[in-house]
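# Geometric and topological summary
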Amino acid sequence: MYARAAAATAVALMGAGALVLPSTTATAQSPSATSASDHDRPLVVAHRGASAYAPENTIAAIDKARDMGFRWVENDVQRTKDGELVIMHDETLKRTTDVEEVFPDRAPWKVADFTAAEIAQLDAGSWFSPKYKGQRVPTLSQYMRRVSHNHQKLVFEFKKPELYPGIEEEGLRVLRNEGWLDKHHVKSKLVIQSFSADSVKKVHALRPDVKTGFLGTPAVADLPEYAEFADQINATHTSISAGYVEAIHDQKGPHGKPLEIFTWTVNDAPSALRVAGFGVDGIITNTPDVVREALDES
Ligand code: G3P
Ligand code: CA
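Source: prediction; values computed, not measured. (Residues numbered from 1 in each chain as written. Chains lettered and ligands numbered in written order. Predicted model: local features only at pLDDT ≥ 70, side-chain atom pairs only at ≥ 80, totals over all residues. Heavy atoms only, no water.)

### Some thoughts on the sheet that holds strand E6 (residues 190-194)
Rules: Strands are labelled as partners when DSSP assigns at least two bridges between them. Each helix corresponds to a stretch of at least 4 residues labelled H or I by DSSP, and each strand to a stretch of at least 2 residues labelled E; elements are numbered beginning at the N terminus. Any two residues having at least one pair of non-hydrogen atoms within 4.5 Å are treated as being in contact. A fitted line through C-alpha atoms represents every axis, and for helices the fit uses only the stretch in contact; the resulting angles, taken between N-to-C directions, go from 0 to 180 degrees.
Strand order in the open sheet formed by eight strands is E8-E7-E6-E5-E2-E1-E10-E9, and the pairing between neighbours is parallel. In the strand order of this sheet, the two ends are held by strand E8 (232-234) and strand E9 (262-263), each with one partner. When strand E1 (residues 43-46) meets strand E2 (residues 72-74), the two strands line up parallel, connected through two bridges. Bridged to Ala46 within E2 is Val73. Relative to the sheet, helix H4 (residues 140-149) contacts E2 and strand E5 (153-157), its axis offset from that of E5 by approximately 155°.

What follows is the structure, encoded as structure tokens:
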């Protein structure tokens, strides 16, 4: 049986924030349906989609997660030269597309050095398997439409936001335009995370109602500081212990509920069982089926 944090009883409404993004539902309120305390076992999140089985961060990867029965997917968001937000993990296009063949003279092939139209020409599937030839690098809008179509939920990561000043406002704008900042989505379908504390703080300031996560393993003594702007502390699984998870749950986040932890990247059954035993709230994994099976059998 998994150690679980006790259900939070208080719903703390946030004070007035600087809501620069007009929305009929921008009133700050506590997201609840993603809360660990609503579940008796960790949520399973398909990392970059079901990325062990389909090319990461493509539409095929989120469709694969859907087909395997997983609602939660994770992604990485960066910005093109002409300001389009796209789904890509690495700072360059080299590893996960055929950019070196299509644009041989454009080393080092940074995302930020290519226009959206150029990136749209790239094959983002063949590197993984010939079966996925023709997969594209999705724009954030295309991606959000597919996640909506699939009735999925999203852990959205601003990747290297320090390279892209203003990306938080832009990302939130796209989310709002795609219908993802209404009360329903904010309550149960979205977490925005980053390795950059400044970026998470900014998202929290812009949209205090949105659930946020800080990627990292801050010292226990520093957790209260993070709890001012992050609802989750999302640490690598090799860095955590039962005591650390307990220390996280002992803090209350910006919405008055216990801080949560989604740990990553857990791709084998023993590790899944280990972190589930610690009482983590979510497990981010390239192999969601492996994690699900481990949890089912425990
Ligand atoms: O969601 C956690 C994980 O994605 C963070 O690391 O490098 O895979 O984006 P990375
Ligand atoms: Ca990520």
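### Let's talk about the pairing of strand E7 (residues 211-215)
Applicable threshold: Each residue's exposure class comes from its accessible area (1.4 Å probe, protein chains only) as a fraction of the maximum for that residue type: buried when under 20%, exposed when over 50%, partly exposed otherwise. Here is how to tell: hold the view so the strands point away, follow the path from the first strand over the helix to the second, and if it runs clockwise the crossover is right-handed.
Counting buried residues along E7, five of its five residues qualify, which places the element largely inside the surrounding structure. With burial as the criterion, each face of E7 is covered, one bearing Lys211, Gly213 and Leu215 and the other bearing Thr212 and Phe214. The parallel pair E6 and E7 is bridged by helix H7 (residues 197-206), and the resulting crossover is right-handed. Bridge analysis of E7 against E8 gives three bridges, and the strand direction is parallel. Looking at the pairing, Gly213 lines up with Gln232 of E8.

### A closer look at the pattern of salt bridges
Note the threshold: The salt bridge definition used is simple: a Lys or Arg side-chain nitrogen within 4 Å of an Asp or Glu carboxyl oxygen.
Summed over all chains, the structure comprises 19 salt bridges. Its salt-bridge partner being Arg48, residue Glu56 comes within 3.1 Å of it at the nearest N-O pair. A single burial state applies to Glu56 and to Arg48, both of which are buried. The residue Lys110 makes a salt bridge to Glu91 at a minimum N-O spacing of 3.9 Å. Here Glu91 lies in the loop between strand E4 (85-87) and helix H2 (99-102) and Lys110 lies in the loop between H2 and helix H3 (116-119), a separation of 19 residues in the sequence. Classification of Lys110 by relative accessible area gives partly exposed; the value is 33%. Shared partners join several salt bridges into a network, and the residues in it are Arg48, Glu56, Asp76, Asp90, Arg95, Glu157 and Lys159.

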